[in-house]
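# Architecture at a glance
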Amino acid sequence: MISLARVGKTFKTRRGGHVQALDDVTISVGADEFVAIVGASGCGKSTLLRMVAGLVQPDIGHLTLDGKVVTQATEGTAMVFQAPTLLPWMNVERNVTFPLSLSGRDVPEARERGRALLRAAGLAGFEQRMPRELSGGMQQRVAICRGLVQKPRILLMDEPFGALDALTREEMSLALLELWQANPMAVIFVTHSISEAVLLADRVIVMSPRPGRVAEIVEVDLPRPRSFDQEASAEFHRCSKLIRDRIYGGGSRAH
Amino acid sequence: MLISTGAWTRRNLPVILSTLSLLLGWEIVCRAFGIRPFLLPTPSAIWTAVVPVWPNIAMHTAVTLRTVMLGLLASIVVSLPLAMLIASSRTVSAAIYPMLVLTQSVPKVALAPILLVALGANEFSRVIITFLVAFFPLVVSSVAGLLATPPELVELGRTCRATRVQELLRIRLPYALPFVFGGLRVAAALCVVGAVVAEFVGADSGLGYLIQTSMAFFRTPVAFGAVVILAIMGIALFQLVEITERLIVPWSSNLDNNFNEEK
Ligand SMILES: Nc1ncnc2c1ncn2[C@@H]1O[C@H](COP(=O)(O)OP(=O)(O)O)[C@@H](O)[C@H]1O
Ligand SMILES: [Mg+2]
């Protein structure tokens, strides 16, 4: 349903130079598929997500959702940014339902859904707090709840667990998987962590920098539901090694 | 919000002491150098001149306060929509901003007599003059706040399919509120200036009028009394803005007075 065909994007820098953020990127993501993107900083992962979110337009190539060209944010697409980006004047609960309030959908039932998500994210009792009273990790969890409360068909997550400590990170990964299994949707999940990518995703897209290209697409053939036990499996090691080799080995795509 | 009297005294002691020493120094200098009262009256002389005529002074104060408040209200009502218009489009901004700056390069004090002739020596024209003196900093700081909204918050709005109006009212305006209040503090002080200027030029009541008529009869202590009341009015308005800000913008960093919180 999400389809990028030979997409390229070049930014002008302030000093008049050019940065090619994406070059010849072709990816498609199915309706209920969980796709992870890994790659070094600056290889265009955020740009790719922002493109799917409708925040930037490709210079060349085509980006379509269900066959329709994306020119602005599409209904049913939710984005979790790298930073929490909470509204400082709203309490936690109202931050979570903010996207719904913009379209008059913050009905009592939706608010209850928001509270349930906050509970699942370990934020019970913090509903009435203001963002600045929360730690960075807690703020990021609020932002994740804000994405999920919209019941999106496409969920875009840009290093969502980057600000969390390792323990919370693992907990949140499993919680996300559970939620995804209960409410199937297309997820594009950007991460720096190879093991996180393999644990979560059906497919891992490895990107290489300057210009941002797809270096490898790794199919993860692990049964679901996933658990940390699978980290010991041969398939987990195969995928991790493949990804690692692509990131550090560089070079062109193997055929 | 109950502050114990002890804490209140401790917090306000410096300003109380500095005010008292100012008054005392003033009194001493006037007496020591024998300055004549119609040039610079002592605080005690001002007090004794003002107290017997206080109902009259209270009336003039009420008149001025009314003009100040109406002028401030007009400034808010005009400045906020204007700021949103300027912040919402580059073209509008390019068309309006230079004109605004132009109005600011004209000295409003010079404009006051002309306006009073054109509009008549009434309350309405005094409010207009007050507004003209006060509104500009409010527009400028509001525009600054609207444009200072972090791009991430604006992008959040975009991904949530916020309309342009929603982006302005639900994201940019709340973000800009601390800036708006910053401008409002300046505007409140300027409103007092504007009202007095308007009363100098054309009024039959108000503290500005009182100062002029008192000086015409060399009743300097009464004029000084009016000046002191104007100063108090300015301070009170400033405090009013601050209290309002505390109530409706509790997240504002304008209010982080960390000095007071030491132990
Ligand atoms: N709005 C922009 N203007 C200019 N350059 C940009 C912009 N957005 C991204 N870039 C550049 O594009 C490249 C890819 O950025 P990004 O997509 O953020 O990478 P990643 O998320 O993988 O770290 C970087 O070199 C970055 O500096
Ligand atoms: Mg990034």
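Residues numbered from 1 in each chain as written. Chains lettered and ligands numbered in written order. Predicted model: local features only at pLDDT ≥ 70, side-chain atom pairs only at ≥ 80, totals over all residues. Heavy atoms only, no water.

## Things to note about the pattern of salt bridges
The condition is simple: The term salt bridge refers to a side-chain nitrogen of Lys or Arg lying within 4 Å of a carboxyl oxygen of Asp or Glu. We count a stretch as a helix when DSSP gives it H or I for four or more residues in a row; a strand needs E for two or more, and each element gets its number in order from the N terminus. Burial classes follow relative accessibility: with a 1.4 Å probe on protein chains only, a residue under 20% of its type's maximum area counts as buried, one over 50% as exposed, and anything between as partly exposed.
Per the stated rule, a full pass over the model turns up 22 salt bridges over all chains. Between Glu33(A) and Arg203(A) there is a salt bridge; the shortest N-O distance is 2.6 Å. Note that Glu33(A) is positioned in the loop between β2 (18–29) and β3 (34–39) and Arg203(A) in strand β9 (residues 203–208), a separation of 170 residues in sequence. Take Glu33(A): its relative accessible area is 16%, and that puts it in the buried class. The salt bridge involving Glu123(B) is made with Arg66(B); its shortest N-O contact spans 3.3 Å. Placement of Glu123(B) in helix α6 (residues 123–147) and of Arg66(B) in helix α3 (residues 54–88) is noted, with a sequence separation of 57 residues between them. What makes Glu123(B) partly exposed here is its relative accessible area of 22%. Via salt bridges that share partners, Glu93(A), Glu112(A), Arg115(A) and Arg119(A) belong to a single interconnected network.

## Here we look at the sheet that holds β2(A)
Condition: The rule for pairing is simple: two strands pair if DSSP sees at least two bridges between them.
Taken together, the four strands give an open sheet; going across it, the order is β2-β1-β4-β5 (chain A), and neighbouring strands pair in antiparallel fashion. The two strands at the open ends of the sheet, each matched to only one other strand, are β2 and β5 (68–69) of chain A.

## So, the domain arrangement of chain A
Frequently, the measure chosen for interface size is the accessible area that the parts lose on association. Residues and elements named next belong to chain A. The cut-off we apply is this: Domain ranges listed in this record stem from an automatic or a database domain assignment. We call two residues in contact when some of their heavy atoms are within 4.5 Å. The term buried area means the drop in 1.4 Å probe accessible area that two parts suffer when joined, counted for both and summed.
For chain A, the assigned domains are domain 1 (2–76 + 152–249) and domain 2 (87–151). Here domain 1 and domain 2 have C-alpha centroids that lie 24 Å from each other. Counting residues at the interface gives twelve residues for domain 1 and ten residues for domain 2. At the boundary of domain 1 with domain 2, total buried surface from both sides reaches about 920 Å², with 78% on carbon and sulfur atoms. In terms of surface lost to domain 2, no three residues of domain 1 exceed Pro-152, Met-172 and Leu-179, which account for 43% of the buried area on that side.

## A short note on the site of ligand 1
All names here are of chain A. Basically, it comes down to this: Nearness of a residue to a molecule or strand requires only that one of the residue's heavy atoms be within 4 Å of it. Polar contact criterion, stated in full: a pair of N or O atoms within 3.5 Å, where within protein one must be able to donate a hydrogen and the other to accept it, and residues adjacent in sequence count only if both atoms are side-chain atoms. In these tables, accessible area is a Shrake-Rupley quantity obtained with a 1.4 Å probe, and a residue counts as shielded only by the protein chains included in the view. Amino acids outside the nonpolar list (Ala, Val, Leu, Ile, Met, Phe, Trp, Tyr, Cys, Pro) and the charged list (Asp, Glu, Lys, Arg) are all regarded as polar, and Gly is one of them.
Taken together, Phe-11, Lys-12, Val-19, Ala-21, Ala-40, Ser-41, Gly-42, Cys-43, Gly-44, Lys-45, Ser-46 and Thr-47 make up the full set of residues near ligand 1. Between ligand 1 and the protein, one listed contact pairs an oxygen atom with a backbone N or O atom of Gly-42 at 2.7 Å. A distance of 2.9 Å separates an oxygen atom of ligand 1 from a polar backbone atom of Lys-45. Contact with the protein chains removes 64% of the 560 Å² of surface that ligand 1 exposes when unbound. Elements with a minimum of two residues in the shell around ligand 1: β1 (2–12), β2 and α1 (45–52). In terms of residues, the shell around ligand 1 owes the most to one element, α1, which gives three residues. Grouping the constituent residues of the shell around ligand 1 by class yields five nonpolar, five polar and two charged.

## Observations regarding the layout of surface pockets
Residue and element names in this part refer to chain B. Selection criterion: For each structure, a 1 Å grid was placed over the protein atoms alone; sets of points admitting a 1.4 Å probe that cannot get out are labelled cavities, open sets with protein on both sides within 12 Å along at least five of seven lines are labelled pockets, and lining residues have an atom within 4 Å of a point. Grid points are joined across faces, edges and corners, and a volume is the space filled by probe spheres set on the points.
Of the volumes computed, that of the second largest pocket is approximately 770 Å³. Around the second largest pocket, the lining comprises 28 residues; the ones closest to its centre are Val-154, Arg-158, Arg-164, Glu-167 and Arg-172. For the lining of the second largest pocket, the elements supplying multiple residues, two or more each, are α3, α4 (90–105), α6, α7 (151–159) and α8 (164–201). When residues of the lining of the second largest pocket are assigned to their parent elements, the largest contribution, five residues, is made by α8. Of the residues in the lining of the second largest pocket, the class split is 13 nonpolar, eight polar and seven charged.

## Remarks on the domain arrangement of chain B
According to the domain assignment, chain B consists of domain 1 (1–33) and domain 2 (54–256). Computed from C-alpha atoms alone, the centre-to-centre distance between domain 1 of chain B and domain 2 of chain B is 29 Å.

## A look at the interface of chain A and chain B
With 21 residues of chain A in contact, the opposing surface of chain B contributes 17 residues. Between chain A and chain B, roughly 1900 Å² of surface is buried when both sides are summed, and carbon and sulfur atoms account for 65% of that area. Considering only the surface of chain A that becomes buried against chain B, Trp89(A), Leu102(A) and Arg132(A) emerge as the three largest contributors, covering 35% of it. Put simply, chain A and chain B have one salt bridge between them. Counting every contact that joins chain A to chain B gives four residue pairs in polar contact (both at pLDDT 80 or more). Residue assignment for the side of chain A that touches chain B shows that the elements contributing at least two residues are β6 (77–80) and α2 (92–102) of chain A. Tallying contributions element by element places α2(A) first for the side of chain A that touches chain B, with four residues. Partitioned by chemical class, the residues of the side of chain A that touches chain B number 13 nonpolar, four polar and four charged.

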